[in-house]
Amino acid sequence: MGVFDHHEFDDHESLHFFSDKATGLQAIIAIHSTALGPAAGGCRRWMYSSNTDALTDALRLSRGMTYKNAVAELPFGGGKAVILANNAAPKSPELFSALGRAVASLGGRYITAEDVGVSVEDMRHVQQQTEFVSGLPQSGTNAGGDPSPWTAVGVFLGIQAAVKSRLNLDSCEGLTVAVQGVGHVGGHLCRLLHEAGAKLLVADVNRDNLKSVGEKTPVKVIAPSEILYADADVIAPCALGNVLSSATISRIKAKVIAGAANNQLSTEADGARLTEREILYAPDYVINAGGIISVSHEYLGKSSEDQVRNDVAKIPQRLDLIFAESKKTGRPTNEVADKLARRIIAAGKK
Ligand code: NAD
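The structure presented is a predicted model; accordingly, all values stated were derived computationally and were not measured.

Caption draft 1: Structural detail: the environment of Gly100. Looking at the secondary structure, you find Gly100 in helix H2 (residues 93-105). Classification of Gly100 by relative accessible area gives buried; the value is 0%. Considered as a pair, Gly100 and Ala313 are 213 residues apart in the sequence and their alpha carbons are 32 Å apart. For Gly100, the residues in contact, after removing those within four places along its chain, are Val126, Gln129 and Thr130.

Caption draft 2: How the structure looks around the pattern of salt bridges. A complete count under the given rule lists 20 salt bridges for this structure. Asp170 is the partner of Lys164 in a salt bridge, and the nearest nitrogen-oxygen pair spans 2.8 Å. The salt bridge involving Arg273 is made with Asp270; its shortest N-O contact spans 2.5 Å. With Arg273 and Asp270 both in helix H8 (residues 269-276) and 3 residues apart, this pair spans about one turn of that helix. A residue is classified by how much of its surface remains accessible, and Arg273, at 32% relative accessible area, is partly exposed. Since its relative accessible area comes to 1%, Asp270 is described here as buried. When salt bridges that share partners are traced, they join Asp10, Arg63, Glu268 and Asp338 into one network.

Caption draft 3: Structural view of the state of the cysteines. Under the criterion given, the structure shown has 0 disulfides. A disulfide-free cysteine, Cys190 has its sulfur positioned 7.7 Å from the sulfur of Cys238, the nearest such atom.

Caption draft 4: Quick look at the packing of aromatic side chains. Tallied over the entire structure, the rule returns 3 aromatic pairs. Here the aromatic rings of Phe4 and Phe9 are separated by 5.4 Å at their centres, their planes lie at 90°, and the arrangement is edge-to-face. Between Tyr67 and Tyr285, the aromatic rings sit 5.8 Å apart at their centres with planes inclined by 75°, giving edge-to-face as the arrangement. Here Tyr67 is found in helix H1 (residues 51-71), whereas its partner Tyr285 is found in helix H9 (residues 284-287), with 218 residues between them in sequence. Tyr285 shares its class with Tyr67; the two are buried. Arg251 extends its terminal NZ or CZ atom over the ring of Tyr229, reaching a point 3.8 Å from the ring centre.

Caption draft 5: Fine view of the site of the ligand. Of all residues adjacent to the ligand, which total 23 residues, the nearest are Thr151, His184, Asp204, Asn209 and Ala239. Asn262 places a side-chain nitrogen or oxygen 2.8 Å from an oxygen atom of the ligand. Here the ligand loses 85% of its free accessible area of 820 Å² to cover by the protein chains. For the shell around the ligand, the secondary-structure elements that each account for two or more residues are helix H4 (148-167) and helix H5 (184-195). Split by domain, the residues of the shell around the ligand number at least three in each of domain 1 (3-66 + 78-127) and domain 2 (148-288 + 317-342).

About the criteria used
- Residues numbered from 1 in each chain as written.
- Predicted model: local features only at pLDDT ≥ 70, side-chain atom pairs only at ≥ 80, totals over all residues.
- Heavy atoms only, no water.
- Helix = DSSP H or I, 4+ residues; strand = E, 2+ residues; numbered from the N terminus.
- Buried < 20%, exposed > 50% of the residue type's maximum accessible area, 1.4 Å probe, protein only.
- Contact = heavy atoms within 4.5 Å.
- Salt bridge = Lys/Arg side-chain N within 4 Å of Asp/Glu carboxyl O.
- Disulfide = S-S within 2.5 Å.
- Phe/Tyr/Trp six-rings, centres within 6.5 Å; stacked < 30°, edge-to-face > 60°.
- Lys NZ or Arg CZ within 6 Å of the ring centre and 35° of its normal.
- Near = heavy atom within 4 Å.
- Polar contact = N/O pair within 3.5 Å; in protein donor to acceptor, adjacent residues only side chain to side chain.
- Areas by Shrake-Rupley, 256 points an atom, 1.4 Å probe, with all protein chains shown as cover.
- Domains from an automatic or database assignment.

Geometric descriptors of this kind do not, in isolation, establish any biological role.
Here it is, written out as structure tokens:
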């Protein structure tokens, strides 16, 4: 498995491979950048089809965290942990304790929290081993706990900004939104969209999650293979990455794509494909920063939920700037966002 010549390698500062025989833990921690502060980013547990896929995910997600934290004006660099799930090493307190020891061994250069497949409870076991962890159970009105409701709030506000920019509408009332993936973020997002008067189409590969969202919110379920091509005004990808590619973009009918999933574009060129088709794409790491905003307030301490709410409310303003620059220059929104992130990082380094 090549690393330095890997197509997702982007001068990452360091890569760390961990294995713990007793618990079966196999994990990769990628530290992309500490230019703006310690590398912060969640831990994903996933059944990868190969070690190379896990490495690709760690490289891409950690770079995304550098850009996400920079644009969200957080004093953190970017990193990510991925746990290679396998049936011989089921989730257990001991597995997350082993992950905690791995995080501790990096001496604070990487701060972890939850991502796909990892819960607040798992982070409590990490906390037994290291202080470099966030996304822990909330106390009172302090910032903290599961970041996904905050991610959903940011995505909801971002959808409103995108709808205003592309469709010139002041609200989501009467719009049809297709949500791909109704897990932690997608489930909360459906509730917010329903309260705002949107009609919902949803798809998920997990029946329990579909059932749970359907019990709380009126939704029409459609097949996972059809959700991206639904007759909808907005597509909100809230499952996994790589969903926007040369194969899928040509079939999309919606005019706005705005959702929580990380790495929605399969390649950078897919941003240009969306622009050519006049589909407005809200750059993933800008719109989905609500969770890391909560996590960072919690980690830095002495912060309230109101402060998190105030900072999450800045997400649509950042998107407005990106949409306006994209309109003015004709450049794809992902390119405009990357440029902005690089400018902030370069200024921070100085
Ligand atoms: P989750 O695991 O709770 O939910 C993901 C859902 O997508 C699950 O219900 C899963 O069954 C479903 N899914 C998987 N493959 C699918 C497919 N092919 N079609 C339809 N549904 C499918 O994860 P989450 O925490 O809700 O995060 C969702 C996405 O948002 C991820 O990409 C994550 O990295 C990103 N994100 C999450 C947060 C957060 O605060 N949780 C923050 C930023 C970004």
